[in-house]
Every structure is written in C-alpha cells, then in structure tokens.
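Structural features, examined
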Amino acid sequence: MTGRSFLFLLASTRHGGNTEALARHAASRLPSDVEQRWLRLDELPLPLFRDVRHEGEGAYPVPTGAERLLLDGTLDATDLVIASPVYWYSVSAAAKLYLDYWAGWLRVPGVNFKARMRGKSMWAVGAHTSADAASIEPFRGTLRLSAEYLGMRWRGALLAYANRPGQVLADEDALRRAAEFFPPNR
Ligand SMILES: Cc1cc2nc3c(=O)[nH]c(=O)nc-3n(C[C@H](O)[C@H](O)[C@H](O)COP(=O)(O)O)c2cc1C
C-alpha cells in the first residue's frame, strides 16, 4: 500500500455529467494501491452555513450526520479532489458550501482541522462552457487559495470544455489530459 487515499467530492447538480466523467477518467489511471472514495455532495446535503465564529467557545459543536461523514472523509484522505462544474465563473453552490464548512471545522473542539489538513494535496476537476480562459480563473483561484489557506499542496485543475452530459467523452484532448492528470507517484 502507498498509503495514498483520494477523496473525490462530486459537486455537480446532475448525475452523469461531464465533470464526473472527466474525474472518473483521470481516476482510472491511478495505481490500484491508491484508495479511492467517491462522495456526491447532493446526497449529503448540508444546511446553509452559519457564521457563529464570534459567539464563544463551543459555537461549532462536534458534527453529526452528513457533516460528520464529510469531515471524517476529508480528514482520512491524503488527496482531496473537488469535482465541480464551473458555475458562475467559480465552483457550484454545493462545493462552495462544503468550503464554507471548513470555517466551522477549524473551530470544532478537538478536531485540530488546520493541523490535520496541512500537507494534504488538493486537486480540482471541472467542466465549463467558456471560450475565454480568463473567465475560469475565479474557479481555479477559489480552490487554490482555499487549499493554501490550510497549508495544503495545490496540485492544479483539470478543466475541459463540455456542455451536454457526456460531451467531454468525445474530446480526445481532454481525455488525454485527464489520463495524465494524476502522476503515478507524488
Ligand atoms: C447554474 C449554471 C451556471 C453556469 N455557469 C457557467 C460559467 O460561469 N462558466 C462556464 O464556462 N460555464 C458555466 N455553466 C456551464 C457548465 O459549466 C457546463 O454545462 C458543464 O458541462 C456542467 O458540468 P456537468 O456536466 O458536470 O454538470 C453553467 C451551468 C449552470 C447550470
């Protein structure tokens, strides 16, 4: 075993979309001794995040339910892959909400979230319909800066133009880039 464990967070609002297809193609090239776990954020709904950071100790209790599953999955992974379509130049609402929860997890007593996230790798996969590379920068920047805030290693974004579900599977260049996205070794 390499000890590497990838958590893929699927953050599209549809199943069988291009982001998932691209992520699965990239993951198919991971060595077999690398553990893979896949979670769909739409099957693990979180309530709107509440900013109670300044309401005293214990304002963020130990999570339960879907939130607990996401927190534990995040902490157990060595590599986190946010698989989100580009929505309004950035990540989908589900992916953004997951990132908002990091602000609470940083303050849950006993979790030590920041120290345990430090050094993990963060990757992004996303489909988009933009002809203008600059308009995808907020997507990339949101994820890179969020990873760096926690001292994670930003490993880059795999992005491909696609609109109708499955369209990305006809894009040979995107599939080649997907196949090369995760290097076999760190
Ligand atoms: C709510 C919404 C917002 C979108 N915003 C953008 C955008 O800002 N830039 C872009 O290039 N594509 C945008 N798109 C297009 C999607 O990124 C594209 O259709 C993508 O293939 C969807 O990914 P999926 O197949 O994984 O669901 C948007 C789509 C939706 C539904």
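Residues numbered from 1 in each chain as written. Predicted model: local features only at pLDDT ≥ 70, side-chain atom pairs only at ≥ 80, totals over all residues. Heavy atoms only, no water.

**So, the packing of helix H2 (residues 65–76) against helix H3 (residues 93–105)**
Describing two packed helices takes the angle between their axes plus the distance from one axis to the other. Packing of H2 against H3 leaves a shortest axis separation of 12 Å and a crossing angle of 85°. Taken together, the axes of H2 and H3 lie roughly perpendicular to each other. Every residue of H3 that contacts H2 at Glu-67, Leu-70, Leu-71 and Thr-74 is listed here: Tyr-98, Tyr-101 and Trp-105. Partitioning the contact of H2 with H3 into residue classes produces five nonpolar, one polar and one charged. (Axes fitted to C-alpha atoms, helices over the stretch in contact; angles between N-to-C directions. Helix = DSSP H or I, 4+ residues; strand = E, 2+ residues; numbered from the N terminus. Parallel < 35°, antiparallel > 145°, perpendicular 65-115°, else oblique. Contact = heavy atoms within 4.5 Å. Nonpolar A, V, L, I, M, F, W, Y, C, P; charged D, E, K, R; others polar.)

**A closer look at the site of the ligand**
In the region of the ligand, 16 residues are neighbours, and Ser-12, Asn-18, Thr-19, Tyr-89 and Ala-162 sit closest. Between the ligand and Ser-130 there is a distance of 3.0 Å, counted from an oxygen atom to a backbone nitrogen or oxygen. Residue Ala-162 places a main-chain N or O atom 2.6 Å away from an oxygen atom belonging to the ligand. Cavity membership is defined here by more than half of the atoms lying within 2 Å of grid points; on that basis the ligand lies in the largest pocket. Those elements giving two or more residues to the shell around the ligand turn out to be helix H1 (18–27) and strand E4 (121–128). A per-class count over the shell around the ligand returns seven nonpolar, eight polar and one charged. (Near = heavy atom within 4 Å. Polar contact = N/O pair within 3.5 Å; in protein donor to acceptor, adjacent residues only side chain to side chain. 1 Å grid on protein atoms, 1.4 Å probe; cavity = no way out; pocket = protein on both sides within 12 Å on 5 of 7 lines; lining within 4 Å. Sits in = over half its atoms within 2 Å of the grid points.)

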